[in-house]
Amino acid sequence: MMRGLKTLGCLVIFMQSVMLVQFVQCQQVLENDDDYEYGINTTQLTDPTVLNRFTKIVYKRLSGATSDLIHSEIADKASFCVTDPDDDWNRSFNYSANLDFLSNCILNTQGDLPQRLCTAAELKFYFTNFIANTKSKATFLKPNRNCNLTTWVSGCEPGWACSAGLTRPVNYRDAQEIPARTSDCQPCCEGFFCPQGLTCMIPCPLGSYCPSATFNVSTGLCDPYLYQLPPGKANHTCGGANVWADVSRGSSMFCSAGSYCPTSTEEIPCASGHYCRMGSTAETRCFKLTSCDANSTKQNITQYGLMLIVGISVILFIFYNCSEQVITIRERRYARSRQVAVKSVKENAQAHARWLAAKDAIRKRAIDMSRSFSRRTVFIPNEQVRILKSNKSEIEAGYPPMQDIEEYRESIEGANPESENSDKKKNLKAKHIRTNTQIFKYAYSQLEKEKAQQQHSIDRTFSGVISMAMDNETRRRPMMEIAFRDLTVTLKQKKKHLLRSVTGEIRPGRITALMGPSGAGKTTLLSALAGKTIGCSITGLVLINGKAESISSYKKIVGFVPQDDVVHGNLTVEENIWFSANCRLSADLPKADKVLVVERVIQSLGLQPVRDSLVGTVEKRGISGGQRKRVNVGLELVMEPSLLFLDEPTSGLDSSSSQLLLRALKREALEGVNICMVVHQPSYSLFKMFDDLILLAKGGLTVYHGAVGDVEDYFAHLDINVPERINPPDYFIDVLEGMVKPRTSSGLTYEELPLRWMLHKGYPVPPDMQKNISRFDVPVMYGNLGDQENGPEELSFCAEFWQNLKYKIEAQCDVIRNNIMKSKDLSGRRTPYVLLQYKHFLGRMAKQRLREARIQAIDYLILLLAGACLGLIAKASDETFGAPGYTYTVIATSLLCKIAALRTFSLDKLQYRRERASGISSFAHFVAKDTIDHFNTVIKPLVYLSMFYFFSNPRSSFLDNYFVLLCLVYCVTGIAYALAIFLEPGPSQLCSVLLPVVLTLLSTQPKDSKLIKNLSSLCFPSWALEAFIISNAKRYHGVWLIQRCGALLKTGYNLHQWNLCISLLMAAGAACRALAFIGMLTLQKK
């Protein structure tokens, strides 16, 4: 009995010793897991503490292996799809929140899990041989050490794995050699996947669902992974997951849409009020105002898009209406101030007239009384006695206060040329005027004074005209006298003379009429004197104030009125004139004087009734044609030129309007302005208003140049008399046309009239005309008879082609030289600097855009419909990261925004060329238009995305999409500027349609060819599309990692190039704007 007890005691002590030794060994394993090689006894796994600590050891090794995978050379090759390796690892393999699937697998494998996990070499083999080959649909790997033609164990089948053996160490960081792993093959644990051709297990990434497969008797497949059981193996069962790949090959492993998977072994349906996209690890709460039922895959945020578009519409409506109301109120207050000033000045003028009349009456009565007082007693009527005895206050009550009358008298008489300080007092007074009413009172009082001066000189007496012309206050502009000697203009391309040997001068203070039949070179002479000839060679001499200076040096004080009415139709008459005044008058001129100049021009041209009316365009009628012509002239008169050229300003005007215009020009001439104008057959009364006449014959030869009053005497000397009741200018032009044959005794023909003028003035005669001198009994002394001009030389086709090309290049070089090369400014006028002109351009452009609100609304509506249609058609696809929808977006927004941006520069090219020729800053013009267009650049992406984004509902944020689309619109707007400037409207619209479509199709082609890849990398749709897809792809993590890398590898995109794509879009937009600006400076209408 005692021996048995001793034996039992020894056995208990032995068992306790064995358990103690095993516990100590287990503690050593848990304390130093780096020396772990052989697993652990299954009897220890029943202890939760041991199992938990052993699970952490396995997870640590698993984390090391997966981390090495993320940071390995494979990850380096896949850097195009991995921005932050640590973040991607955390979103894919960080199982620390729940390790139950590891604990369960440890129990199922009886602690053998570490021997079944894939090493770095096996992971590298899997990802390089299968996942990298995204073009293949196969789900098996190449032969390797454990699975080949000679060795194929059960673990090589999909969903199965084997052990390396408890006695064999496994180096998980060895990336070179695959360990032998062929023993104890079992189905893959839940939460792991076992590829076909590998005998190890890989943990399923977060966002996946990897349960054990079940055999489907009807299909013979293992659901849900759809692989078959191997034939001839009756004991082989369905295992676990078999592949982690893209959606097309491994969609069964992704967590289902409408459910979320907190672990890879648990799938929970999405609750009501939440939505779960495919591959979600947690459910996402739906926004307010959206309805999300149970198992919702995405939230319906269409109502947010509707709210956004309603908000944008309300804001735009308020903005446009408030802006228009502000402008209208300002214009009303401005007009009210003007009306108050006009009324005040008129009342003062009437009071002054009554005061003068009363003064003259009293003076006359006093004289009469003094004459008769000495002869007889004067009886004053009772009424006069009552008036004389009346109170002084009663008399003054019927008139305005004497202070107002004296102020008006000072405004009328204070600027007496005899007083030395009158100009200084006037300028000082103008600078201290503040309010609009004061400014208008000052301006209209000055106008009344000028009217009074004109009324005194209306009798046109010699002394009155001389005194008015010599008025120091009136004549304050620099004088310009133009003389031209033997001026010849020849068309380079055709060697044709447009002007020949024209000699003469135009003098300040006089109006010179330039007349002649069609083709006589009237406009050519005007353009040659104004320095506007292109593609022509000019010989001879042009002198300005006796010096050979370039006319461009005086362009700030030289006005040129074109034949066409080049004015802004969507501005009022006053706005057109004010803009020219603000940009071209002296920057030192006070505002009161500017108002005076503008009001003087408006009144002198008879534009007062239509000053607030829109000029009008072809589509929208405004003022009449005659009023438009006067506005065209007013744009030049308002800048107070010293030299003024006008090309047919009276064409299309009736007699009264023409005389009104000539009276305005007469007033300018009295201030010393040198005026030269082309006129077609004026009436006799209009003809007599000119001072000088230049009469040209066909071929650009001078027939007469002198005073208008002497022209009939000159032609009478040639025995060409004007018949009675015939308008002299009409008769002279009919003679020069050859329609009327002059009845002369000498047999003089109209072709010989230019020669008679040259001989009459003693000018040199061209060689080809000297043969006709002999019949006039004049010695040949004006040229060399041997220098006869030969006819045009016959050229071959190639020579003629080369010659024409050379002339075109020379003409373009002339344009570039005239526009870019600046001459020395000799005008003495300091016009507003660029920033101030930019401010004036901004104000003008803002008004024009506000008046085009209907066109802008149509643009927004089209974008809205495009966004809604494309958002409904092209839903955001997880497989392509929304690439089809973004492709349509790039085409639609590029096309629509580009066509709309063409209007910025294509509609007012003529107006710009006129303003540029007058010295207004091209840079301020361009930048102001681009600044105003930035409003559309900001708004249009919002309008489009308000429909497209909320209908397609991609994973990328609204701000990401908006920023990319904003850069795209900026880019295509710059391209549209270049197209509008370099091309005519028709070709520019065609290119705006074709470019986005062609370049986008090129950008979406497979990058198999190096040429296609290089070409697509230069296309702006490729940059925009890559930025869109990168913004969306960054939102895919965990189980989507393979899909993200495969899709980006196929398209050639890189997650690190988002900033580069945005920079390229912005740089392309800026470069196209710079190119467009250069085109503005260099190109000119033929």
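Within each chain, residues carry numbers counting from 1 in the order of the written sequence. Since the coordinates come from a predicted model, pLDDT governs what is reported: local features require at least 70, and pairs of side-chain atoms require 80 or more to be given and counted, while whole-chain, interface and lining totals use all residues. Each side-chain value is derived from all of the structure's non-hydrogen atoms; neither hydrogens nor water enter the calculation.

Let us look at the state of the cysteines. Any cysteine sulfur atom paired with another within 2.5 Å is treated as part of a disulfide. Tallied over the entire structure, the rule returns 11 disulfides. Residue Cys81 pairs covalently with Cys1045 via a disulfide, S to S 2.0 Å. Its S-S torsion of approximately 80° makes the covalent link between Cys81 and Cys1045 right-handed. One end of the pair, Cys81, is in the loop between α3 (73–77) and α4 (85–93); the other, Cys1045, is in helix α34 (residues 1041–1051), with 964 residues separating them in the sequence. The pair formed by Cys81 and Cys1045 is uniform in burial state, with each residue classed as buried. Residue Cys270 pairs covalently with Cys276 via a disulfide, S to S 2.2 Å. Torsion about the S-S bond of the Cys270 and Cys276 cystine: about 75°, corresponding to right-handed handedness. To sort residues, take the accessible area from a 1.4 Å probe on protein chains only and compare it with the maximum for the residue type: under 20% means buried, over 50% means exposed, and anything in between is partly exposed. Judged by relative accessible area, which is 3%, Cys270 ranks as buried. Take Cys276: its relative accessible area is 0%, and that puts it in the buried class. Labels follow the DSSP assignment, with helices taken as runs of H or I lasting at least four residues and strands as runs of E lasting at least two, numbered in each case from the N terminus.

This part is about a nonpolar patch on the surface. Side chains of Leu990, Leu994, Val997, Val998 and Leu1001 sit close together on the surface and give an oily, nonpolar patch of about 430 Å² of accessible area. Here Val998 is to be found in helix α31 (residues 985–1003). Two joining distances apply to patches: 9 Å for like charges and 5 Å for nonpolar side chains (Val, Leu, Ile, Met, Phe, Trp, Tyr), and every residue must have over 30% relative accessible area and no salt bridge. Per-residue and other accessible areas follow the Shrake-Rupley method at a 1.4 Å probe size, with only the shown protein chains counted as cover for residues. Salt bridges are counted wherever a side-chain nitrogen of Lys or Arg sits within 4 Å of a carboxyl oxygen of Asp or Glu.

Counted according to the given criterion, the structure contains 31 salt bridges. Here Arg510 makes a salt bridge to Asp692, at a shortest N to O gap of 2.8 Å. One end of the pair, Arg510, is in the loop between β13 (496–506) and β14 (511–515); the other, Asp692, is in strand β19 (residues 692–697), with 182 residues separating them in the sequence. Taking the shortest distance from any N to any O, the salt bridge between Arg1073 and Asp930 comes out at 3.0 Å.

With that settled, consider unusual backbone geometry. Residue Asp223 is joined to Pro224 through a cis peptide bond whose omega torsion reads 5°. Following the sequence through the fold, Pro224 ends up in the loop between β6 (221–223) and β7 (227–228). Within the chain, Gln110 stands out as a residue other than glycine whose phi angle is a positive 55°. In the Ramachandran plot, Phe881 falls in the positive-phi region, its phi being about 55° despite a non-glycine side chain. Relative to the assigned elements, Phe881 resides in the loop between α26 (853–873) and α27 (883–906).

Glancing now at the nonpolar core. Note on soluble globular proteins: their nonpolar side chains tend to be buried together. Counting residues in hydrophobic clusters, the biggest one holds 140 residues, and the most contacted among them are Leu102, Leu113, Tyr126, Phe192, Met201, Trp244 and Phe1020. Ranked by the residues each element gives to this core, the list is headed by helix α30 (residues 958–982), at 17 residues. We call a set of buried residues a nonpolar core when its members are Ala, Val, Leu, Ile, Met, Phe, Trp, Tyr or Cys and they connect through side-chain atoms within 4.5 Å of each other.

Before going further, it helps to examine the side chain of Glu157. With respect to the element layout, Glu157 can be found in the loop between α6 (120–131) and β1 (160–163). For Glu157, which is buried and forms no salt bridge, the nearest opposite charge comes from Lys233, at a distance of 4.1 Å. Discounting chain neighbours no more than four positions away, the residues touching Glu157 are Trp152, Pro195, Gln196, Pro230, Lys233 and His236. Charge assignment in this entry is limited to Lys and Arg as positive and Asp and Glu as negative, and neither His nor the chain termini are counted. What makes two residues a contact is simply this: any of their non-hydrogen atoms within 4.5 Å.

Relative to the helices and strands, Ala917 resides in helix α28 (residues 909–917). Separated by 361 residues in the primary sequence, Ala917 and Lys556 have C-alpha atoms spaced 9.5 Å apart. In this structure Ala917 touches Lys532 and Lys555, once residues within four positions along its chain are discounted.

The subject of this paragraph is the sheet that holds strand β5 (residues 214–216). Here, strands pair whenever DSSP counts at least two bridges between them. Reading across from one edge, β5-β6-β7 is the order of the three strands in this open sheet, with antiparallel pairing throughout. Looking at strand neighbours, the two that pair on one side only are β5 and β7, the edges of this open sheet. As paired elements, β6 and β7 share two bridges and run antiparallel to each other. Its bridge partner being in β7, Leu221 is matched across the sheet by Gln228.

Two strands in a sheet stick together by hydrogen bonds in their backbones, pointing the same way (parallel) or opposite ways (antiparallel). The strand order across the open sheet formed by three strands is β13-β12-β15, and the pairing between neighbours is antiparallel. Edge positions in the open sheet fall to β13 and β15 (536–544), since each of these has one partner strand only. Strand-to-strand twist across the sheet, computed as the mean angle between neighbouring axes with direction ignored, equals 5°. Two elements, strand β12 (residues 482–491) and β13, share seven bridges in a ladder whose sense is antiparallel. Along β13, the bridge assignment pairs Val489 with Leu499. Interaxial angles span 0 to 180 degrees and are taken between N-to-C directions of axes, which are lines fitted to C-alpha atoms, for helices over the stretch in contact.

Along the chain, His274 falls in strand β10 (residues 274–275). Classification of His274 as buried rests on a relative accessible area of 13%. Within the structure, the side chain of His274 is placed 3.3 Å from the backbone oxygen of Ser272, a separation counted as a polar contact. Polar contact is defined as a pair of N or O atoms within 3.5 Å, subject to the rule that within protein one atom must be able to donate a hydrogen and the other to accept it, and that residues adjacent in sequence are counted only when both atoms are side-chain atoms.

Direction vectors running N to C along α30 and α31 enclose 150°, while the axes themselves pass 9 Å from each other. If you check the angle between α30 and α31, you find them roughly antiparallel. In this structure, the crossing between α30 and α31 has a hand that is right-handed. Along the contact surface, α30 presents Ile975, Leu979 and Ala980, while α31 presents Ser988, Cys991, Ser992 and Leu995. Angles below 35 degrees are treated as roughly parallel, those above 145 as roughly antiparallel, those between 65 and 115 as roughly perpendicular, and all remaining angles as oblique. Whether a crossing is left-handed or right-handed is set by the direction in which the near helix is turned from the far one by less than a right angle, anticlockwise for left-handed and clockwise for right-handed.

For any two aromatic rings, the description comes down to two numbers: the centre-to-centre distance and the angle of the planes. Between rings of Phe, Tyr and Trp, where Trp is taken as its six-membered ring, a pair exists when centres lie within 6.5 Å; planes separated by under 30 degrees are stacked, by over 60 edge-to-face, and by other angles tilted. Under the criterion given, the structure shown has 31 aromatic pairs. Aromatic side chains Phe193 and Trp244 sit 6.4 Å apart centroid to centroid with 75° between the ring planes, which places their arrangement in the edge-to-face category. One end of the pair, Phe193, is in strand β3 (residues 192–193); the other, Trp244, is in the loop between β7 and α7 (247–250), with 51 residues separating them in the sequence. The same class applies to Phe193 and to Trp244, which are both buried. For the ring pair Tyr949 and Phe958, a centre distance of 5.4 Å and an interplane angle of 85° mean the geometry is edge-to-face. With relative accessibility at 9%, the residue Tyr949 sits in the buried group. These aromatic residues form a ring-pair network of at least three members: Tyr704, Tyr714, Phe715, Tyr731, Phe732 and Trp757.

Now for the confidence of the model for the protein. Confidence of the prediction at every residue is given by pLDDT, a number between 0 and 100. Residues of the protein with pLDDT of at least 70 account for 81%, and the chain-wide mean is 80. Averaged pLDDT values for the elements of the protein fall to 38 in helix α1 (residues 2–31) and rise to 95 in α30. Of the regions scoring below 50 in pLDDT, residues 1–39 engages in 27 contacts with residues more than four places distant in sequence or in other chains. Segment residues 779–792: pLDDT under 50, and 18 contacts once partners within four positions in sequence are set aside and those in other chains are kept.

Interhelical geometry of helix α25 (residues 834–851) versus helix α29 (residues 922–952) gives an angle of 45° and a closest axis separation of 8 Å. Between α25 and α29, the crossing angle belongs to the class labelled oblique. Handedness of the crossing formed by α25 with α29: right-handed. Contacts between α25 and α29 involve Val834, Gln837, Tyr838, Phe841, Leu842, Arg844, Met845, Ala846 and Arg849 on the former and, on the latter, Phe923, Ala924, His925, Val927, Ala928, Lys929, Thr931, Ile932 and Asp933. Looking at the contact of α25 with α29 residue by residue, the class counts come to 11 nonpolar, three polar and four charged. Nonpolar residues are Ala, Val, Leu, Ile, Met, Phe, Trp, Tyr, Cys and Pro. Charged residues are Asp, Glu, Lys and Arg, and all others, Gly as well, are polar.

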